[in-house]
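# Structure at a glance
These are the residues of each chain, in order.
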Amino acid sequence: MHIDDLIEATNHYINSDELDRAQLSIPKEWAQGRTAYGGLTGALVYSAIRQKVGQDRVLRSFTCNFVGPVVTETDFGIEVEVLREGKNVTQVTGKAIQNGNVCVMVQAAFGVSRESKIEVLNTDRHTMRAPTKADFLPQIPKITPKFLRHIDLARQAGGLPFTGSKESKIDGWMRYTKPPKALTDAHLIALIDGWPPTTLQMLKWPAPASTMSWNIEFVYPHYTFSPKDWFAYQVRTRQATDGYAQTEANIWDPSGRLIAISRQTIAVFD
Ligand SMILES: CCCCCCCCCCCCCCCC(=O)SCCNC(=O)CCNC(=O)[C@H](O)C(C)(C)COP(=O)(O)OP(=O)(O)OC[C@H]1O[C@@H](n2cnc3c(N)ncnc32)[C@H](O)[C@@H]1OP(=O)(O)O
């Protein structure tokens, strides 16, 4: 099932009468080990939130806590609450709830653009060559996360998970394998989480790992993206101690303009 169908089902769900709502469900092909792909669940909750916010307000900040696994092929619902709507900014929370448990909790802040005397432009650039094809991991049954059939990754630095690498960074490009109809912020959210946690490459043997929390700051202006576009990604491990890693990533559009900064805390059970 394409991500567009899952987003459409979510929007239909949140816009329909509460009493008439059929629950949502994510197919197995979007699994990431024991849970549904976190980038997808975060994007679906965000998409439900977006339905409750005026189009003049753009997404500035997205914060997502992965409270527990979302099981695939199992019903879940989404609840959205608009916390505050000011003249400029709207703050909204959304929760994915499965079997009575909150699994994913999102808080998003949207803001209108305003005239400002302050302008500081990003100077972080990358020098990666544009990719021609995906080259990360082929679909190996029981090894490659199923959801990766939907996302093309082209790696330029960093190692593969569980290969005892000395590096703790990854550089590469990402895009949708089958382009969506249009590339919205929900699609960007689901794309940005596609790479494995940076520290897994440092392990020699497989170990469970789970992203616990994730924050994306969106940088503007955004230009129109093609659904076929590759986006550049560079992620660094800022620290990894006590079984938790903190990582920080820059995401650039195909023209080299920074569009988002993504940070995660990942629990590694090695
Ligand atoms: C050439 C090489 C090719 C290699 C090719 C393959 C590469 C492929 C790598 C991709 C690796 C993706 C790694 C990111 C995976 C997410 O990012 S998953 C998506 C989003 N995140 C989530 O769904 C996390 C949801 N949150 C949670 O599950 C819980 O809050 C946390 C984070 C696990 C909290 O930990 P806790 O309080 O200790 O939780 P608790 O319920 O007590 O469970 C702990 C147990 O869960 C286990 N556990 C934790 N995470 C997992 C997990 N993901 N799966 C299974 N068990 C897990 C622990 O090991 C521990 O096991 P035991 O010690 O009980 O045996």
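Residues numbered from 1 in each chain as written. Predicted model: local features only at pLDDT ≥ 70, side-chain atom pairs only at ≥ 80, totals over all residues. Heavy atoms only, no water.

### Some points on a positive patch on the surface
Short version of the rule: Note that patches include only residues with greater than 30% relative accessible area and no salt bridge, and the join distances are 9 Å for like charges and 5 Å for nonpolar side chains (Val, Leu, Ile, Met, Phe, Trp, Tyr). All accessibility values rest on the Shrake-Rupley procedure with a 1.4 Å probe; residue burial counts only the protein chains present in the view. Whenever a carboxyl oxygen of Asp or Glu lies within 4 Å of a side-chain nitrogen of Lys or Arg, that contact is scored as a salt bridge. Note on charges: Lys and Arg go in the positive column, Asp and Glu in the negative column, and His and the chain ends are not counted at all. The atoms used to mark charge sites are NZ of Lys, CZ of Arg, CG of Asp and CD of Glu. Helix and strand labels come from DSSP, where a helix needs a run of H or I of at least four residues and a strand needs a run of E of at least two; each type is numbered from the N terminus. With a 1.4 Å probe rolled over the protein chains alone, any residue whose accessible area is under 20% of its type maximum counts as buried; one over 50% counts as exposed, and the rest are partly exposed.
Residues K28, K142, K146 and R149 make up a contiguous surface patch of positive charge. With respect to the secondary-structure elements, K146 resides in the loop between β6 (101-111) and β7 (151-157). With a relative accessible area of 37%, K146 lands in the partly exposed category.

### Describing the confidence of the model for the protein chain
For clarity, the threshold we go by: Confidence per residue, as judged by the predictor, is encoded in pLDDT with a range of 0 to 100.
Overall, the predicted model of the protein chain reaches an average pLDDT of 96, with 100% of residues at or above 70. Note on the complex model: pTM 0.97, ipTM 0.95.

### Section: the pairing of β6
The condition is simple: Two strands are counted as paired when DSSP detects at least two bridges linking them.
In terms of strand pairing, strand β3 (residues 58-66) meets β6 through eight bridges, oriented antiparallel. In the strand pairing of β6, F66 is matched with V104. Two elements, strand β5 (residues 89-98) and β6, share 10 bridges in a ladder whose sense is antiparallel. From the neighbouring strand, V89 faces β6, where its bridge partner is G111. Turn length for the β5-β6 hairpin, with the two strands adjacent in sequence and antiparallel, is two residues, and the turn residue N99 shows positive phi of about 50°.

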